[in-house]
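# Results of the structural survey
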Amino acid sequence: MTPLNEITHALKCTQIADPAYKAFREKTSKLIVLGHRLPVLQTLARTGFSFYTKSPKNVLRIWNAIWKTSQTHEALTLPLVYYRHHLDQLGLSHWYVMKQWIHRIENWEHADSLCALYSVIFERFSTQIEPTLRTWNQSKNPWKQRASIVSLIYYTSPKRKAPSVKLVLELVEPLIQSRDTYVAKAVGWTLRESYKLYPKETLAFLTQHIHQLAPASFSYATEKLSKIQKNLLKSMKLEFSL
């Protein structure tokens, strides 16, 4: 049995009729949706498949083949879940493979899960990863644009090495006028996390570009601001719109 057949069989055996959830997930993806909820997929990835006995290099090779060939939403979720539980393995060899995965991204769930992995690799090998993020930043593909900034921080944590504020704001600025829903949310999300790390610089950036921010960007970006700061920015944004 091939790895893809093994995964397909496992998904079929664990599929439970959940029409409402399946319909919800189908609205966000053009892939075939079986309707598995995330905890079921996490259990599958954790329980393991026969190819888990192979070397990490070969496991990556197999996951890469699954990613490139499967047409099922849940099958593509499995390698993302697997590596979320094996962050210690992530290195440049994974990056050279996984950076190609961006080409199949077409939904926010896979996009953000992949960016979570990218952010870990970026933290460890920022010099090697940054040129690709800059290239994606200039792409016309909104998923690449989203990945170029979400992969910088993902979520702020005192346990993680933060990128420079200069890099963060340099990559956010070209996307700040985007009206693509997922790019606009990524702009706001990244500025929110940037504010946690660099409040002075990020607030100055928000003030400078307040008239360009999409509503979704503004909502996320100002989540951590004080009520006074947020109201002041709202007033400034309103003035520019008049």
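Residues numbered from 1 in each chain as written. Predicted model: local features only at pLDDT ≥ 70, side-chain atom pairs only at ≥ 80, totals over all residues. Heavy atoms only, no water.

So, on to the overall build of the protein. Scanning the protein from terminus to terminus reveals 14 helices and zero strands. For the protein, the sequential pattern of α-helices and β-strands runs α-α-α-α-α-α-α-α-α-α-α-α-α-α. Since a compact globule built from 242 residues should have a radius of gyration of about 18 Å, the 20 Å found for the protein is in line with a globular shape. Structurally, the protein occupies a C-alpha span of about 65 × 40 × 30 Å along its principal axes. Counting over 242 residues, the protein shows a buried share of 48%. Within the protein, counting contacts between residues at least 6 apart in sequence, those at least 24 apart form 69% of the total. Looking at the protein as shown, the accessible area adds up to about 12400 Å², and 56% of this sits on carbon and sulfur atoms. Of note, the protein has its 33 positive side-chain charges centred 2 Å away from the centre of its 17 negative side-chain charges. (Helix = DSSP H or I, 4+ residues; strand = E, 2+ residues; numbered from the N terminus. Rg over C-alpha atoms; globule rule 2.2 N^0.38 Å. Buried < 20%, exposed > 50% of the residue type's maximum accessible area, 1.4 Å probe, protein only. Contact = heavy atoms within 4.5 Å. Areas by Shrake-Rupley, 256 points an atom, 1.4 Å probe, with all protein chains shown as cover. Lys, Arg positive; Asp, Glu negative; His and termini not counted. Charge placed at Lys NZ, Arg CZ, Asp CG, Glu CD.)

Okay, helix H10 (residues 165–172) next. Counting buried positions over the eight residues of H10 gives six, a clear majority of the element. What H10 keeps buried is the set Val165, Leu167, Val168, Leu169, Leu171 and Val172. Structurally, H10 contributes buried residues whose contacts are with helix H7 (108–124), helix H8 (126–137), helix H9 (142–153), helix H11 (181–197) and helix H12 (199–209).

Moving on, we come to the packing of aromatic side chains. With the rule as written, the count across this model stands at 18 aromatic pairs. A centroid spacing of 5.3 Å and a plane angle of 85° characterise the contact between tyrosine 154 and tyrosine 155, whose relative ring orientation is edge-to-face. Aromatic ring contacts, followed pair by pair, group Phe49, Phe51, Tyr52, Trp63, Tyr82 and Tyr83 into a single cluster. (Phe/Tyr/Trp six-rings, centres within 6.5 Å; stacked < 30°, edge-to-face > 60°.)

A few words on the pattern of salt bridges. This structure, assessed with the given rule, holds 11 salt bridges. Here aspartate 18 and arginine 37 are joined by a salt bridge, their closest N and O atoms 2.9 Å apart. Of the two residues, aspartate 18 sits in the loop between helix H1 (3–14) and helix H2 (19–26) while arginine 37 sits in the loop between H2 and helix H3 (38–47), which places them 19 residues apart along the sequence. The class of arginine 37 is partly exposed, set by a relative accessible area of 43%. Residues glutamate 170 and lysine 166 are paired through a salt bridge, measuring 2.5 Å at the closest nitrogen-oxygen approach. Separated by four residues within a single helix, glutamate 170 and lysine 166 lie in helix H10, roughly one turn from each other. Each member of the salt-bridge network shares a partner with another, and the members are Glu130, Arg134, Lys166 and Glu170. (Salt bridge = Lys/Arg side-chain N within 4 Å of Asp/Glu carboxyl O.)

Below, the discussion takes up unusual backbone geometry. The backbone of tyrosine 154 shows a phi angle near 65°, a positive value even though the residue is not glycine. Along the chain, tyrosine 154 falls in the loop between H9 and H10. With relative accessibility at 12%, the residue tyrosine 154 sits in the buried group.

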